[in-house]
Amino acid sequence: MIGNAHRPKFWAEELAWGTKLEKDSSVLVLSSEEDSYVASFTKAGLAALASGAFEAFTGGDQHLPQADGAFRSVFIPYAWHEFHDGSRVAVECYRVLKKDGTISILSQSHEQLRGKPLFKFFPEAVTRQISLYASIPDLTAVIGKVGFKSIETSNYSWSGNVKPSEYIDAAERKLWPELAVLTDEVRQRGIKELRDYIARRGDEPFRDDDASTLVVGKK
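The rules behind these values
Numbering of residues starts from 1 in each chain and follows the order in which that chain's sequence is written. Given that this is a predicted model, residues contribute local features only at a pLDDT of at least 70 and side-chain atom pairs are listed and counted only at 80 or more, while totals for whole chains, interfaces and linings are drawn from all residues. Where side-chain values are given, they derive from all heavy atoms of the structure, hydrogens and water being excluded. Per the convention used, a helix needs a DSSP run of H or I reaching at least four residues, while a strand needs a run of E reaching at least two, with both numbered from the N terminus. The cut-offs for exposure are 20% and 50% of the maximum accessible area for each residue type, with area from a 1.4 Å probe on protein chains only; residues under the lower value are buried, those over the upper are exposed, and the others partly exposed. Classification of ring pairs uses Phe, Tyr and Trp, with its six-membered ring standing for Trp, and accepts pairs whose centres are within 6.5 Å; under 30 degrees between planes counts as stacked, over 60 as edge-to-face, and the remaining range as tilted. For a ring to carry a charge above it, either NZ of a lysine or CZ of an arginine must fall within 6 Å of the ring centroid while also lying within 35 degrees of the normal to the ring plane. Relevant arc is that of directions from the helix axis to the C-beta atoms, nothing else. It only takes one pair of heavy atoms within 4.5 Å for two residues to be counted as in contact. Between N or O atoms, a polar contact is any pair within 3.5 Å; within protein, one atom must be a potential hydrogen donor and the other a potential acceptor, and residues adjacent in sequence are included only when both atoms are from side chains. Should a side-chain nitrogen of Lys or Arg be within 4 Å of a carboxyl oxygen of Asp or Glu, the pair is scored as a salt bridge.

**Re the side chain of Ser25**
At step 1: If you trace the backbone, Ser25 turns up in the loop between α1 (8-18) and β1 (26-30).
At step 2: The class of Ser25 is buried, set by a relative accessible area of 8%.

**Structural notes on the packing of aromatic side chains**
At step 1: Counted under the stated rule, the structure contains 13 aromatic pairs.
At step 2: Between Phe10 and Trp158 the ring centres are 5.1 Å apart and the planes differ by 90°, which places this aromatic pair in the edge-to-face class. A residue pair is termed long-range when its members are at least 10 positions apart, and Phe10 in helix α1 and Trp158 in strand β5 (residues 149-158) qualify at 148 residues.
At step 3: Residue Phe10 is classed as partly exposed on the basis of its relative accessible area of 28%.
At step 4: Residue Trp158 is classed as partly exposed on the basis of its relative accessible area of 22%.
At step 5: For the ring pair Trp11 and Tyr156, a centre distance of 4.8 Å and an interplane angle of 75° mean the geometry is edge-to-face. Of this pair, Trp11 sits in helix α1 while Tyr156 sits in strand β5; the two residues are 145 residues apart in sequence, bridging distant segments of the chain. Accessibility classification places Trp11 together with Tyr156 in one group, the buried group.
At step 6: Chaining the aromatic ring pairs together yields one cluster made of Phe121, Tyr167, Trp176, Tyr197 and Phe206.
At step 7: A cation over an aromatic ring shows up here: Lys219 above the ring of Tyr94, its NZ or CZ 4.8 Å from the ring centre.

**Concerning helix α3 (residues 86-96)**
An α-helix turns once every 3.6 residues. As a result, residues three or four positions apart point the same way.
At step 1: Among all positions of α3, only Gly86, Val89, Ala90, Glu92, Cys93 and Val96 are buried. Seen from one end, α3 has its buried residues packed into an arc of 165°, which puts them on one side.
At step 2: Contacts made by the buried residues of α3 are with β1, β3 (71-77), β4 (97-107) and α7 (136-145).
At step 3: Where α3 starts, the residue carrying a side-chain oxygen 3.2 Å from the main-chain nitrogen of Ser87 turns out to be Asp85.

**Considering the pattern of salt bridges**
At step 1: Using the criterion set out here, one finds 10 salt bridges in the structure.
At step 2: Salt-bridge contacts for Asp184 lead to Arg187; the nearest nitrogen and oxygen are separated by 2.2 Å. Note that Asp184 and Arg187 are positioned in helix α10 (residues 184-201) at a spacing of 3 residues, about one turn of the helix.
At step 3: A single network of salt bridges, built from pairs that share partners, joins Asp68, Arg88, Glu92 and Arg95.

**Overview of α7**
At step 1: Within the span of α7, buried status applies to Ile136, Leu139, Thr140 and Ile143. With its buried residues spanning 95° around the axis, α7 presents them on a single face. Those residues of α7 that are exposed and aimed more than 90 degrees away from the buried face are Pro137 and Lys145.
At step 2: Along its buried surface, α7 packs onto α3, β4, β5 and β8 (210-218).
At step 3: Near the N-terminus of α7, the side chain that reaches the backbone nitrogen of Asp138, with its oxygen 3.2 Å away, is that of Ser135.
At step 4: Of the residues one or two after α7, Gly147 is the one with positive phi, at around 125°.

What follows is the structure, given as structure tokens:
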């Protein structure tokens, strides 16, 4: 559950600034083949800041078709948890990067996930999310093991508010993946708790910040 359609323009500018991209810099963007974010990221943001913005899906044997040292930067937005073998992906990213190239992985920490008020009503959902997302220490350990150095992590947060009724709507219509995978019994129990909450306290918004963590490693 990421706010504002992943903020493609912001992350494109952050990537360009943090990794010192130039107009002729080639960037590889990795995500799942179902994720429309890659297109919006490259078209709405990165295309104006660097050339050669590509997308790829690391399925199957997790092998990238690109040549050694082909890219200045690899960017993986909210997709690390979808790779079958993160260690293999890290090796491939290291291989296709130029000397002094960078890998940038955008994710959410376990602490950021636990802080979402939605999960107070659907605790089973946060358990599943945490099982999917590697912890930030585990993620940095994986990329460090293959040779990335000067690994830095940065936390980002934008304040936001969501009404309890909006959570109910999302749960009833299964709008968010973390809710869609729940059983009907679990989902209905959470919806009932939300309705009870509204009956007691009204449909007052929860503070629901949009939080992400960026991990950057240098070859």
